[in-house]
Amino acid sequence: MTTTKKASAALISVFHKDGLEPIVRKLDELGVTLYSTGGTEKFIKDLGINVVPVEEVTDYPSILGGRVKTLHPKVFGGILNRQDNDGDVAQMTEYDIPQLDIVIVDLYPFEKTVASGASEQDIIEKIDIGGISLIRAAAKNYKDVLCVSSMEDYEDFLNVISEGNGYTSLEDRKRFATKAFDVSSGYDSAIYSYFAEGQVEDDTKSQTQHILRYGENPHQSGSFVGDLDAIFSKLHGKELSYNNLLDVDAAVNLMEEFKNDAPTFAILKHNNACGLATRSTIKEAYVDALAGDPVSAFGGILISNVEIDAATAEEIHKLFCEVVIAPSYSEEALDILKGKKNRIILIQNEVDLPEKLVRTCLNGVLVQDKDFKTDTADGLDPVTTLQPSTEEIEDLIFASKLCKHTKSNTIVLAKNKQLCASGTGQTSRVDALNQAIHKAKSFNFDLEGAVMASDAFFPFPDCVEIAHKAGIKSIIQPGGSIKDQLSIDYCNENGLAMVMTGTRHFKH
């Protein structure tokens, strides 16, 4: 049995018509019979292209105010029949069911309707029944049918059908089916979230609940309760996802430490910075932040503490990134960054961030004050014979700020106000240090003269010894271990400078 199939008929029924015309014209050019309903049928007719109303196939009109249009055996038989099954083939002939090789369907905008503050009745009416059923049916029968389930896939589909001259491969059909089930699960999760979480607690009722496509993973429902429009002005791109929001939160809180500093740029991935640099221009800051880990930067969150200009935007545009955040953009920079249709571009507005942190724990919640303590040069306690230079102190504070916003256990290595590497989320501080050294060397950083920051004290001198052998010359750490003197002694014996802050910065 061949896995490549020639499309002879397509069912098209979509809510969003943007980008549909080239597909309709190409299918017509390829001799594909088009079936459609309602507004999509009218759209195709207005293009001067022949289209068969679904009612002619089912011999049944659209009823119940449009709630029932395509839910009919002659429609679903055309999609679900197995073309290599003799029994199915015979029944298709017996009941005069047309074969449908392509199904192009999108869904009612349920999430946008919820986010708009619409009435419950309007929201309920935007729960798609026919569309989701068509998507699941076509995706299930991917061996014979290609399902296009989102307008975001229009361009991809047009390329497939054009390059194949009307033929589709099993590989392409399965790829589109995978996307279809992703759309289906995300849509159902959003509906579940609305019904399960639609009533928020009293202390959040004044805020808007944003239903997200899904949570941290596609099988988890998710929502955001708050006022995103207050903190950000969105200029371009797709909707922020659950994971985007977590990374954006980490980025905003990190950049708050550098709010009044010279131009500073950070790149984050999975809530941790993989690049950070302070320079005289924001372009230089971005280029040096990217150098910190150009591999992890792919698909990352980018944030600047000053306006992004055209020169910086040109550099950013070379990288695939999910989100760009800045206090402002030049017009030319904005035009450049908008070159990627899904790239999310945000202006960060001046708002007060929460002073309390809340997270679920067991059968309750944990609430704590936010870590507002930022280490400063005035608050350092030099504990070694050798004192850090002015430049080293600046690097120590730079590294300490970043360390505070990195998952524990963490070690941060920096030099000339640039992140060389960090070890993040390790169960051992030694492992975190070794991870940072290995990563820095893999990206060709010279650690001779670099500084090291630790989020907590050293219980043994092993970390300062490893750091010294790697070229580290100055260290910042909270102190507080009963064995602090062992680390101090090693530094004095080997010409290292070390300062203590008296403040631990665990981040779990």
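Quantities reported herein were computed from a predicted structural model and do not represent experimental measurements.

Hey, could you run me through the overall build of the protein in this one?
A tally of helices and strands in the protein yields 19 helices and 23 strands. Across its three principal axes, the protein shows a C-alpha extent of roughly 95 × 50 × 45 Å. Buried residues in the protein amount to 48% of all 508 residues. A fraction of 56% describes how many contacts in the protein between residues 6 or more apart in sequence connect residues 24 or more apart. Within the structure as shown, the protein displays about 24,500 Å² of accessible surface, and the carbon and sulfur contribution to it stands at 50%. Distance between charge centroids for the protein: 3 Å, based on 50 positive and 76 negative side chains.

I tried to follow the sheet that holds strand β11 (residues 264-269) on my own but got confused; where do I start?
Within a sheet, neighbouring strands are paired by backbone hydrogen bonds and run either parallel or antiparallel to one another. Strand order in the open sheet formed by 6 strands is β10-β15-β14-β13-β11-β12, with mixed pairing between adjacent strands. In this open sheet, the two strands that pair with only one neighbour each are β10 (232-236) and β12 (272-278). For this sheet, the mean inter-axis angle between neighbouring strands, taken without regard to orientation, is 20°. Two elements, strand β13 (residues 300-304) and strand β14 (residues 321-326), share 4 bridges in a ladder whose sense is parallel. Each bridged residue has a counterpart across the sheet, and for Leu302 the counterpart in β14 is Val324. Set on the sheet, helix α12 (residues 242-256) makes contact with β10, β11, β12, β13, β14 and β15 (344-348); between it and β11 the angle comes to about 150°.

Looking at this structure, how should I read a negative patch on the surface?
On the surface, Glu314, Glu331, Glu332 and Asp335 cluster together to form a negatively charged patch. Considering each element in turn, the negative patch owes the most residues, 3 residues, to helix α15 (residues 331-337). One can find Glu331 in helix α15.

How do you make sense of the environment of Leu34 when you look at a structure like this?
Mapped onto the secondary structure, Leu34 falls in strand β3 (residues 33-36). Its relative accessible area of 2% is what places Leu34 among the buried residues. Setting aside residues up to four positions removed in sequence, Leu34 forms contacts with Ala10, Ile12, Val24, Leu27, Ile44, Ile49, Asn50, Val51 and Val52.

Whenever I open this one, the side chain of Asn244 confuses me. Can you help?
Along the chain, Asn244 falls in helix α12. Once you skip the residues sitting within four places of it in the chain, Asn244 turns out to touch Glu239, Ile301, Glu322, Val323 and Ile344.

Teacher, can you tell me more about the packing of aromatic side chains here?
Note on aromatic pairs: each is described by the distance of the centres and the angle between the planes. With the rule as written, the count across this model stands at 6 aromatic pairs. Taking 6.3 Å as the distance between ring centres and 65° as the angle between the ring planes, the aromatic pair formed by Phe110 and Tyr187 counts as edge-to-face. On the criterion of sequence distance, the pair formed by Phe110 in helix α6 (residues 110-115) and Tyr187 in helix α10 (residues 170-197) is long-range, its members being 77 residues apart. Judged by relative accessible area, Tyr187 falls into the buried class, the value being 6%. With a centroid separation of 4.9 Å and an interplanar angle of 45°, the aromatic rings of Phe298 and Phe320 are classed as tilted. With Phe298 in the loop between α13 (282-291) and β13 and Phe320 in the loop between α14 (310-316) and β14, this pair connects stretches of sequence that are 22 residues apart.

Explanation requested: the nonpolar core in the structure shown.
Nonpolar side chains tend toward joint burial in soluble globular proteins. Among the nonpolar cores identified, the biggest contains 37 residues, and Val248, Leu268, Ile303, Val323 and Ile325 are the most heavily contacted of them. The element that contributes the greatest number of residues to this core is α12, accounting for 7 residues. Setting aside anything within four residues of it in sequence, one finds Ile303 in contact with Ala251, Val252, Met255, Thr264, Phe265, Ala266, Leu268, Ile325 and Gln348.

What's the story with the sheet that holds strand β23 (residues 497-500) in this structure? I'm lost.
On the basis of which strands lie adjacent, the open sheet formed by 6 strands has the order β18-β23-β22-β21-β19-β20 and mixed pairing. The open sheet has two edge strands, β18 (381-382) and β20 (419-423), and neither has a second partner. As defined by bridge partners, strand β21 (residues 451-454) adjoins strand β22 (residues 474-477) across 3 bridges and the pair is classed as parallel. The residue bridging Val451 from the neighbouring strand is Ser474, located in β22.

I tried to follow the side chain of Lys5 on my own but got confused; where do I start?
Structurally, the position occupied by Lys5 is in strand β1 (residues 5-6). In terms of polar contacts, Lys5 uses its side chain to reach the side chain of Asp144, at 3.2 Å.

Please explain a nonpolar patch on the surface as it appears in this structure.
A contiguous nonpolar patch, built from Val358, Val365 and Val367 and spanning about 290 Å² of accessible area, is present on the exposed surface. Position of Val367 among the secondary structure elements: in strand β17 (residues 364-369).

So what exactly am I meant to see when it comes to the pattern of salt bridges here?
A side chain with one charge may pair with a side chain of the opposite charge, provided their charged atoms come close. All chains considered together, the criterion is met by 24 salt bridges. Linking Asp156 and Lys179 is a salt bridge whose minimum nitrogen-to-oxygen distance equals 3.1 Å. Separated by 23 residues along the polypeptide, Asp156 in helix α9 (residues 154-163) and Lys179 in helix α10 bring together distant segments of the chain. Note on Asp156: relative accessible area 21%, which makes it partly exposed. Residue Lys469 pairs with Glu465 through a salt bridge whose shortest N-O separation is 3.1 Å. Pair noted here: Lys469 and Glu465 are both in helix α18 (residues 462-470), with a separation of 4 residues, about one helical turn. Assessed through its relative accessible area of 63%, Lys469 is described here as exposed. A cluster of three or more residues bridged by salt bridges with shared partners is formed by Asp153, Asp156, Asp172, Arg175 and Lys179.

Rules used in this analysis
- Residues numbered from 1 in each chain as written.
- Predicted model: local features only at pLDDT ≥ 70, side-chain atom pairs only at ≥ 80, totals over all residues.
- Heavy atoms only, no water.
- Helix = DSSP H or I, 4+ residues; strand = E, 2+ residues; numbered from the N terminus.
- Buried < 20%, exposed > 50% of the residue type's maximum accessible area, 1.4 Å probe, protein only.
- Contact = heavy atoms within 4.5 Å.
- Areas by Shrake-Rupley, 256 points an atom, 1.4 Å probe, with all protein chains shown as cover.
- Lys, Arg positive; Asp, Glu negative; His and termini not counted.
- Charge placed at Lys NZ, Arg CZ, Asp CG, Glu CD.
- Pairing = 2+ DSSP bridges.
- Axes fitted to C-alpha atoms, helices over the stretch in contact; angles between N-to-C directions.
- Patch = residues over 30% accessible without salt bridge, like charges linked within 9 Å, V, L, I, M, F, W, Y side chains within 5 Å.
- Salt bridge = Lys/Arg side-chain N within 4 Å of Asp/Glu carboxyl O.
- Phe/Tyr/Trp six-rings, centres within 6.5 Å; stacked < 30°, edge-to-face > 60°.
- Core = buried A, V, L, I, M, F, W, Y, C linked by side-chain atoms within 4.5 Å.
- Polar contact = N/O pair within 3.5 Å; in protein donor to acceptor, adjacent residues only side chain to side chain.

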